[in-house]
Amino acid sequence: MSRIVTVQDLSCLGRCSLTLALPVISAMGVECAVLPTALLSTHTGYPGNTYLDLTQEAGRIAAHWQSLGIQTDGIYTGYLAGEAQCRLAMNVIRQFPGAKVLVDPAMGDHGRLYRGLGLEQPKAMAALCGLADIITPNVTEAALLTGLPYTPQPTPDQCRQLLEGLLALGAKDAVITGVPRGAEIGFVGRDFSWFGPRQPWDCHGAGDLFAAVLAGGIMGGLALEPAAALGAWFVGRCLAGGPFSAGGIAFEPHLPELASRLADQLA
């Protein structure tokens, strides 16, 4: 069984970050070790959430793993709150040379940074992306990382420019997520893309769900394109049951379907 370490926050209520990544990746037959960077009462889609920074404790956890000689096949980073947590993630990557690294640079949407993040976050996240095998920014994050103008509906040429800028950071490969095309939405990679029906509602955690499935697929043995397609299929499958409350996407009833589809693709 493959093992992946995921570095991101834990929201006690709401489907995102570790609350989502742990069950999804586990259902895909991959051992999921967690390195929590913060503890939140709810995800930030709820007003007035509490926040406990765990950066120092996460560093102690990683050091303990190192003292035990723990190894991992993959590292998957998600939302990181500030430069210190980006540096923590970079140290963890260096601690496990040879691990496949997926960075989901979760830091913004709709053309702006998430609430609570400083203006230094894109630079810190860009340095982390430079250590990655695969990065999965949305359109906003791709613009923030590259310094290119944000366009709500980028053309194919603009997507290519964004991808070139992302790869120039040092990442080996990149997939831009949440790319709208008229009534469709999908992702764009260097040599492939996928678009499907766009639902008439947004939902907190969709990018996290895509990244978690992609990470589980890669660790399970899929190449990048089919792993991304699996992620897009699963997000669409779960969203089709909406609309949703602030709690996020109800993915839990569909986990058996995800495991079955992955098994079929690996057969």
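Look up a bit, the structure's there.
Residues numbered from 1 in each chain as written. Predicted model: local features only at pLDDT ≥ 70, side-chain atom pairs only at ≥ 80, totals over all residues. Heavy atoms only, no water.

Draft legend 1. Here's a closer look at unusual backbone geometry. You will see that S17, though not glycine, has its phi angle at about 50 degrees, which is positive. On the secondary structure map, S17 appears in helix α1 (residues 17-27). Of the residues examined, S17 reaches a relative accessible area of 3% and is grouped as buried. The backbone of H110 shows a phi angle near 55 degrees, a positive value even though the residue is not glycine. Mapped onto the elements, H110 comes out in the loop between β6 (108-109) and β7 (112-113). (Helix = DSSP H or I, 4+ residues; strand = E, 2+ residues; numbered from the N terminus. Buried < 20%, exposed > 50% of the residue type's maximum accessible area, 1.4 Å probe, protein only.)

Draft legend 2. Representation of empty space enclosed by the protein within the structure. As enumerated under the stated definition, the model contains one cavity of 30 Å³ or more in all. Of the pockets and cavities examined, the largest cavity occupies roughly 30 Å³. Every residue along the wall of the largest cavity is listed here: I4, I75, K100, V101, L102, A215, I218 and M219. For the lining of the largest cavity, the residue count by class is seven nonpolar, no polar and one charged. (1 Å grid on protein atoms, 1.4 Å probe; cavity = no way out; pocket = protein on both sides within 12 Å on 5 of 7 lines; lining within 4 Å. Points joined across faces, edges and corners; volume = space filled by probe spheres on them. Nonpolar A, V, L, I, M, F, W, Y, C, P; charged D, E, K, R; others polar.)

Draft legend 3. Focus on the pattern of salt bridges. Applying the stated criterion across every chain, the model contains seven salt bridges. In this structure, D133 and K172 form a salt bridge, with 3.2 Å as the shortest nitrogen-oxygen distance. Placement of D133 in the loop between α4 (121-129) and β8 (134-135) and of K172 in the loop between α6 (156-167) and β9 (173-181) is noted, with a sequence separation of 39 residues between them. In this structure, D173 engages R190 in a salt bridge whose closest nitrogen and oxygen atoms are separated by 3.2 Å. Of this pair, D173 sits in strand β9 while R190 is found in the loop between β10 (184-189) and β11 (193-197), placing the two residues 17 residues apart along the sequence. Among the residues examined, D173 registers a relative accessible area of 16% and is labelled buried. (Salt bridge = Lys/Arg side-chain N within 4 Å of Asp/Glu carboxyl O.)

Draft legend 4. Layout of the sheet that holds β8. Pairing is mixed in the open sheet, where nine strands are placed in the order β3-β2-β1-β4-β5-β8-β9-β10-β11. The sheet is open, and its two edges are formed by β3 (51-53) and β11, each paired on a single side. Bridge analysis of β8 against β9 gives two bridges, and the strand direction is parallel. Bridge pairing links I135 to A174 in β9. Where helix α2 (residues 55-68) meets the sheet, its contacts fall on β1 (3-11), β2 (31-40) and β3, and the angle it forms with β2 comes to roughly 155 degrees. In the packing of helix α8 (residues 224-239) onto the sheet, the strands contacted are β8, β9, β10 and β11, and the crossing angle to β10 comes to about 160 degrees. (Pairing = 2+ DSSP bridges. Contact = heavy atoms within 4.5 Å. Axes fitted to C-alpha atoms, helices over the stretch in contact; angles between N-to-C directions.)

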